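One letter stands for each residue in the lines below.
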Amino acid sequence: MVIPMIIPLIYCMKYKRKALTEIGIITLAMVLIVVLYWPLLTSNLAFTHTYPVVKLLLFVLLPLALFLVIKRDTSPLHGALYGVTKQGLRKSLFWFLLFLPIMLIVSGFIQYFNGAIWSADLVAGTISFFEAFTEEFFFRGILFIFLLQKTNMKIAYVTSLACFILVHPQNLTTLFIVGTIIQGIVTLEIARRSQNIIGSWMLHGSNRFFELAILPLFL
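Note that the coordinates shown come from a computational prediction; the quantities given were computed from them, not determined experimentally.

A. Region of interest: the overall build of the protein. When its secondary structure is counted, the protein shows 8 helices and 0 strands. Ordering the α and β elements of the protein from the N terminus gives α-α-α-α-α-α-α-α. A compact globule built from 219 residues should have a C-alpha radius of gyration of about 17 Å, and the protein, at 17 Å, falls within 12% of that. Each of the three principal axes of the protein carries a C-alpha extent, and together these read 55 × 40 × 30 Å. Residues counted as buried form 49% of the 219 residues belonging to the protein. For the protein, long-range pairs separated by at least 24 residues make up 79% of all intrachain contacts whose partners lie at least 6 apart in sequence. When the accessible area of the protein is evaluated, it comes to approximately 10900 Å², of which 72% is carbon and sulfur surface. Considering the protein, the positive charge centre built from 16 side chains and the negative charge centre built from 8 side chains are found 14 Å apart.

B. Examining the pattern of salt bridges more closely. Inspection of the entire model under this criterion finds 9 salt bridges. Across the pair Glu 22 and Lys 150 runs a salt bridge, and its minimum N-O distance is 3.8 Å. Within this pair, whereas Glu 22 is found in helix α2 (residues 20-41), its partner Lys 150 is found in helix α5 (residues 122-150), the two being separated by 128 residues in sequence. We classify Glu 22 as buried; its relative accessible area is 7%. Residues joined by salt bridges that share partners form a network here, namely Lys 55, Glu 131, Glu 135 and Arg 208.

C. Examining the packing of aromatic side chains more closely. Scanning the entire structure with this criterion turns up 18 aromatic pairs. Between Phe 130 and Trp 201, the aromatic rings sit 6.4 Å apart at their centres with planes inclined by 50°, giving tilted as the arrangement. Here Phe 130, found in helix α5, pairs with Trp 201, found in helix α8 (residues 198-214); they are 71 residues apart in sequence, far enough to count as distant. By relative accessible area, which is 53% here, Phe 130 ends up exposed. When its relative accessible area of 17% is taken as the criterion, Trp 201 is described as buried. Note on Phe 144 and Tyr 157: the rings are 6.0 Å apart at their centroids and 90° apart in plane angle, and the pair reads as edge-to-face. Of this pair, Phe 144 sits in helix α5 while Tyr 157 sits in helix α6 (residues 153-166), and the two are 13 residues apart along the sequence. For Tyr 157, a relative accessible area of 17% translates into the label buried. Counting every residue linked through ring pairs, the aromatic cluster contains Phe 67, Tyr 82, Phe 129, Phe 130, Phe 133, Phe 137, Phe 146 and Trp 201. Taking the ring centre of Phe 59 as reference, the NZ or CZ of Lys 55 above it sits at 5.2 Å. Of note, Arg 140 hangs over the ring of Phe 164, and the distance from its end group to the ring centre comes to 4.2 Å.

D. Summary view of the nonpolar core. Ile 26, Met 30, Ile 33, Phe 138, Phe 139, Leu 143 and Phe 144 are the most contacted members of the largest nonpolar core, which totals 44 residues. A per-element tally of this core places α5 first, with 10 residues. Residues in contact with Phe 138, not counting those within four places in the same chain, are Met 1, Met 30, Ile 33, Phe 59, Pro 63 and Leu 143. Among the nonpolar cores identified, the runner-up in size contains 10 residues, and Trp 95, Phe 96, Val 186 and Ile 190 belong to it.

Reading the values: the criteria
- Going along each chain's sequence as written, the residues are numbered from 1 onward.
- Predicted model: local features are reported for residues with pLDDT of at least 70 only, side-chain atom pairs are reported and counted for 80 or more only, and whole-chain, interface and lining totals are derived from all residues.
- Where side-chain values are given, they derive from all heavy atoms of the structure, hydrogens and water being excluded.
- Secondary structure follows DSSP: runs of H or I at least 4 residues long count as helices, runs of E at least 2 residues long count as strands, and numbering of each begins at the N terminus.
- C-alpha atoms define the radius of gyration, and 2.2 Å times the number of residues to the power 0.38 defines the globule rule.
- Whether a residue is buried, partly exposed or exposed follows from its accessible area with a 1.4 Å probe, protein chains only, as a fraction of its type maximum: under 20%, in between, or over 50%, in that order.
- A contact between two residues is defined here by any heavy atoms of the two lying within 4.5 Å.
- Accessible surface area values rest on a Shrake-Rupley calculation with a 1.4 Å probe, where residue burial reflects the displayed protein chains alone.
- Neither His nor the chain ends is counted toward charge; the positive residues are Lys and Arg and the negative residues Asp and Glu.
- We put the charge of a Lys on NZ, of an Arg on CZ, of an Asp on CG and of a Glu on CD.
- One side-chain nitrogen of Lys or Arg within 4 Å of one carboxyl oxygen of Asp or Glu is enough to make a salt bridge.
- Centres within 6.5 Å are what make two rings of Phe, Tyr or Trp a pair, Trp counting through its six-membered ring; a difference in plane orientation under 30 degrees is then read as stacked, over 60 as edge-to-face, and the rest as tilted.
- Two limits define a charge over a ring: the Lys NZ or Arg CZ must be within 6 Å of the ring centre, and within 35 degrees of the ring normal.
- Residues belong to one nonpolar core when they are buried, are Ala, Val, Leu, Ile, Met, Phe, Trp, Tyr or Cys, and are joined through side-chain atoms within 4.5 Å.

Following this line, the structure appears as structure tokens:
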């Protein structure tokens, strides 16, 4: 997950040295997330209601805290820097509604052909819907919208997508990798077209709810 950060680091070293501090902070946050997240993912904690709280701490509060402490000002706490704002909200929700059927169809086909079967869980689906915000804030908010301000479109897009794919290594050798890639692209497109991550979160969360609470009723 950390490896793709080499791309913006090299770019900023060559063209935008003033942005190296921010890129370094993001890289440090990612290292800490990797060190702390994988033991969580492979432990029993990953299957409890504590999991969303830990994800919030790691993917949202940790990078913001690092920005605040290292930069020593409150400007990195402004939600607009990461696409959490009213500006572009309608456009973000428009693209969410447009892309949602595509994402749900892809997920349905993958679950069907992969033969994954589990009981419908409304509570887990609801919790997972809201918890999806943590990944969207980090991968589309920080690693795309914020990174875009420090680098350029190609670098921010590739870095965000690559990191999102690599944070799901359990999918790399299965059919689920197709859904991960498509979801990464679709959520990035929503963020790119609106500079707002609310629609990205809604799509990510709706897809999770669909997979956990609705789709099992039909498989």
